[in-house]
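The primary structure of each chain is shown beneath.
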Amino acid sequence: MPMKHKSNRLIAEKSPYLLQHAYNPVKWYPWCEEAFEIARRDNKPVFLSIGYSTCHWCHVMEQESFEDEEVASILNEHYIAVKVDREERPDVDHLYMSVCQAMTGQGGWPLTVIMTPDKKPFFAGTYYPKNRKYNRYGLMDLLPQLADKWREDRTRVEEIGEQIVEETKARMLSNLQGELNEQTLDKAFQHYTQTFDETYGGFGTAPKFPAAHNLSLLLRYYKRTGEKRALDMVVKTLDAMHRGGMYDHIGYGFARYSTDERWLVPHFEKMLYDNALLAIAYLEAYQVTGNRRYAEVAEQIFTYVLRDMTDSEGGFYSAEDADSEGREGKFYVWKPEEIAEVLGAEDGELFCELFDITAEGNFEGANSPNWITQMPDSFAHRKNIGVSDLEGRVDEWRRKLFDHREKRIHPHKDDKILTSWNGLMIAALAKGAKALNRPAYRDAAQKAESFLGSKLRREDGRLLARYRDGEAAYPGYVDDYAFLIWGLLELYEATFDPDYLHKASGLAHDMLELFGDREKGGLFFYGHDAEQLLMRMKETYDGAMPSGNSVAAYSLQRLSKYVYDAVLSQKADELLQTFAGAADRYPGGHSMLLTALDFAAAPPMEIVIAGDPARDDTKRMLEAVQKPFLPHAIIILIPDGEDGERVRAAIPLVADKRALGGRATAYVCEGFSCQSPTGDLEELEASLDGVAEDW
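Residues numbered from 1 in each chain as written. Predicted model: local features only at pLDDT ≥ 70, side-chain atom pairs only at ≥ 80, totals over all residues. Heavy atoms only, no water.

A. Molecular detail of the nonpolar core. Of all hydrophobic cores here, the largest spans 211 residues; its most connected members are Leu 48, Tyr 96, Met 511, Ile 607 and Ile 636. Top element by residues in this core is helix H11 (residues 272–289). It accounts for 13 residues. Excluding residues that lie within four positions of it along the chain, Tyr 96 makes contacts with Trp 31, Leu 48, Ile 50, Leu 111, Val 113, Met 115, Lys 119, Pro 121 and Leu 534. In this structure, Ile 339, Leu 343, Trp 371 and Ala 380 belong to the second largest nonpolar core, which totals 20 residues. (Core = buried A, V, L, I, M, F, W, Y, C linked by side-chain atoms within 4.5 Å. Buried < 20%, exposed > 50% of the residue type's maximum accessible area, 1.4 Å probe, protein only. Helix = DSSP H or I, 4+ residues; strand = E, 2+ residues; numbered from the N terminus. Contact = heavy atoms within 4.5 Å.)

Given below as C-alpha cells:
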C-alpha cells in the first residue's frame, strides 16, 4: 500500500512495533549508540518513546502526534527521537519506567522520556496528545519549552538528570532489609482479604488486572492452613473473570484487563503471558476443587493459543491488538441484529438474552458477550430447557458466530516470539498435560521448548530474548532464564525425561553467573555481558507478570530438590532473603516470591513411582499423583532398565528405589519421614494429602 512519507531508520528493524512507526515523518532511531552519539555531536536532547505493538494508547499517540507534520518538525529539529519496543528491550523499559514512577508516581505505555545525550532523564510521562486536552499538556506545549530549557540552561538540566538517577536508585525496593517467615504468608493473606472485592471478585478497584499468581498463592495458603476464606476469594474471582466480558466467549482466551470493576468491559488486547498464567490458575483451582468448569476454561485457553498464537515450528506469538480497523474492540463486539442474522431469529433471541446482547450495548453501542447476570444452568431452568441441551446449543451457536467473526478484519497480531513468555506457556501446557491427562498439551510444550533450543540459543548456550522473521536477537534477560527453567521443570513432571532437569540445571547455573549480584544478592535484570545502562535494575515486583527474581527463587527451590545441588539450594534461599524487606513491606506485590517462600517453608514431599511407564499399573499411579493439587511435592518416575539407570544418575534421591515384585511401586516421603513402599493404588491415594475435594 502506498505510504504518505518516506521510511525512516525503523524500516530495517524486526519489531512489529518499530515497523508500525517506520513511515512516520518523525526521523526515528532505534535504541542504538549512533543515536546518542549524534545527540552529543549536535547538542540535542533525546526524545525516547517506549511502547509495544498491541498498545491502544500507543496507537492513539502515533495517530495524533507522530504522524503529524507539526510535531514531527519540532522533534526532528530540536531532538533526536528514539523508539523502543518494551517487549524487545525490557531492560530499557524497566529503567525508564522506574524513572517515570519516581518522578510522577505513576507509569504506563506509551512511556515518554526526555533525556540528555548521556541517557540521563530530566522529564518523564506517559501518553501526551498533540495539543492540551483531558487536563494533559500537549506535545506542542512541552516540546518547545523543554528544548528552550535545554538550550538556555543545559547545566541545570543535566543536574536534574543526575538527581533523578540518584533518586531512582534510592527508591529501589531491593535495597530494603527484612526477614521472611511463615508469618509473612499470613500477612499476605490479610492484605488480600482487605483488598478483596466482595461483590465482583478480584482485588482493588477498576481497572482490574487478573494477576493470576495472586490466586495461585491463595490456593497454596488454603492448602497450608485450611483457611476456606482464601479458597473462596479464588473461586469468586475465577468465576467472575470467566463470566465477564474480559473472557472471549466466542473465540476463547482472556483480554489483558477489565476497565470496570465488574469484569464487563475489557481492554481487548490479548497477551500470551496473561493466558499462560490464567491457565495455570484455573488448572490449580480444578485440582483443588474438582470443579470441571475450571478445567474447561484452561482447555479453552489452550485451544485459543494453539489455534491462533502458535508458529508452525512450535513457538508462541506474543499478543493480539485491541484495535481493528482503527477502533478498539471492533473485532470482538456484536449487535442483536448481527446475532439474529447468523443464528436466526429464535436462537438469536435466546443467545442475546443469555449473553447480555442488547440494543443499547455495553461498549460504545455494541456488546461484549458475558454471563455476568446469569449462567447457562439457571437460564436453562428458567426457559424450561435441559441443561445439557442448552450447553449443546450454546456450543453450536458459538461455532457459528466464531466462523462469522473469522470473516471480519482481524486485529494486528504481534508475531515475535519471546523466550520468557514462551517459558510461561510451556509451563502452563505441561501443567495441563499433567492435571488433565492430555498428551497433546505435553507435545505442544515439548515442541515449543525444542523451538527455543534451536532458534533462541547461541552456539555458546547463551539464551536470546526475541525471535522474528528468521532473526534471533538481544541477550536474554533474567526473565528469559527464570521463566524457561520453570517451564522445563513442569515439562519434566509431564514427561519424566531427565534431560529437562539437566537443561534446567545448566540454565540455572548460567543465570546465576550472568545476572547474580555477588555483593548484595539477587539477580540483575540484564546480564554482565549485555549493554550496560545507567544502572542495573533488580525487578522484584510481581505485577501483571511475576518478576524474574521471584520465579527464579521458586524454580531454584524446586530444582535443587530434584538434583541435590547445594549451590542452587543456597542461592534460592539467598533470593528470598535479599528481597525479604520488599516482600514484608508489600506482600500483595510479591505473590510469586511468597509462593517460593511457601514451597521452602513447607515440609518436603517426594513421590517416586518405579515401574514400566507402558504398563497400566504405572499409568494409574502416575495419574493418581499428577491429578491432585500437591504444590509442595516433587514427583519422579523411575522406568525399568537403562532408562531407569539414567534417572538414578540424574536424581540422587532415587538411587535405591525400584519396582518391587514386578509391580509398579510408589515411595512417598513427607517431612523427612518415608512411608513403606506400596504397589497398591488405593493405599497410594490414601497417603496423599490434598486429593481434590468434591466442590
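B. Up close: the sheet that holds strand S13 (residues 417–418). Strand order in the open sheet formed by three strands is S13-S14-S15, and the pairing between neighbours is antiparallel. Where the open sheet ends on each side, the last strands, each with one partner, are S13 and strand S15 (471–475). Across four bridges, strand S14 (residues 464–468) lies against S15 in antiparallel orientation. Of the residues in S15, the one forming a bridge with Arg 468 is Glu 471. (Pairing = 2+ DSSP bridges.)

C. Molecular detail of the packing of aromatic side chains. Per the counting criterion, the structure on display carries 33 aromatic pairs. Taking 5.3 Å as the distance between ring centres and 20 degrees as the angle between the ring planes, the aromatic pair formed by Tyr 477 and Phe 525 counts as stacked. Of this pair, Tyr 477 sits in the loop between S15 and helix H19 (478–495) while Phe 525 sits in the loop between helix H20 (498–515) and helix H21 (548–563), and the two are 48 residues apart along the sequence. Arranged with centres 6.4 Å apart and planes meeting at 85 degrees, the rings of Tyr 554 and Phe 599 form a pair that is edge-to-face. Of this pair, Tyr 554 sits in helix H21 while Phe 599 sits in helix H24 (residues 591–601), and the two are 45 residues apart along the sequence. (Phe/Tyr/Trp six-rings, centres within 6.5 Å; stacked < 30°, edge-to-face > 60°.)

D. Focus on the pattern of salt bridges. Inspection of the entire model under this criterion finds 65 salt bridges. We note a salt bridge from Asp 42 to Arg 41, for which the minimum N-O separation is 2.8 Å. By relative accessible area, which is 63% here, Arg 41 ends up exposed. Residues Asp 248 and Arg 405 are paired through a salt bridge, measuring 2.9 Å at the closest nitrogen-oxygen approach. Taken together, the residues span a long stretch of sequence, with Asp 248 in the loop between helix H10 (228–243) and strand S6 (257–258) and Arg 405 in helix H16 (residues 387–405) at a distance of 157 residues. Salt bridges linked by common partners bring Glu 33, Arg 40, Arg 89, Asp 91, Asp 118, Lys 119 and Glu 531 together as one network. (Salt bridge = Lys/Arg side-chain N within 4 Å of Asp/Glu carboxyl O.)

E. Region of the structure containing the layout of surface pockets. Put simply, the second largest pocket is a space of about 650 Å³. For the lining of the second largest pocket, the secondary structure elements donating two or more residues are helix H12 (292–308), helix H15 (376–382) and H16. For the lining of the second largest pocket, the class distribution of residues is ten nonpolar, four polar and seven charged. (1 Å grid on protein atoms, 1.4 Å probe; cavity = no way out; pocket = protein on both sides within 12 Å on 5 of 7 lines; lining within 4 Å. Points joined across faces, edges and corners; volume = space filled by probe spheres on them. Nonpolar A, V, L, I, M, F, W, Y, C, P; charged D, E, K, R; others polar.)

F. Geometry of the sheet that holds strand S1 (residues 29–30). One open sheet holds the five strands; their spatial order is S1-S3-S2-S4-S5, and the pairing between them is mixed. The strands lining the two open edges of the sheet, one partner per strand, are S1 and strand S5 (121–125). Sheet topology note: the strand S4 (residues 111–115)/S5 ladder contains four bridges and is antiparallel. The residue of S5 that forms the bridge with Ile 114 is Phe 123. Packing of helix H5 (residues 90–104) onto the sheet brings it into contact with strand S2 (46–51), strand S3 (80–85), S4 and S5, and relative to S5 it is tilted by some 85 degrees. The strands touched by helix H6 (residues 139–152) within the sheet are S2, S4 and S5, with S5 carrying the most contacts at an inclination of about 175 degrees. (Axes fitted to C-alpha atoms, helices over the stretch in contact; angles between N-to-C directions.)

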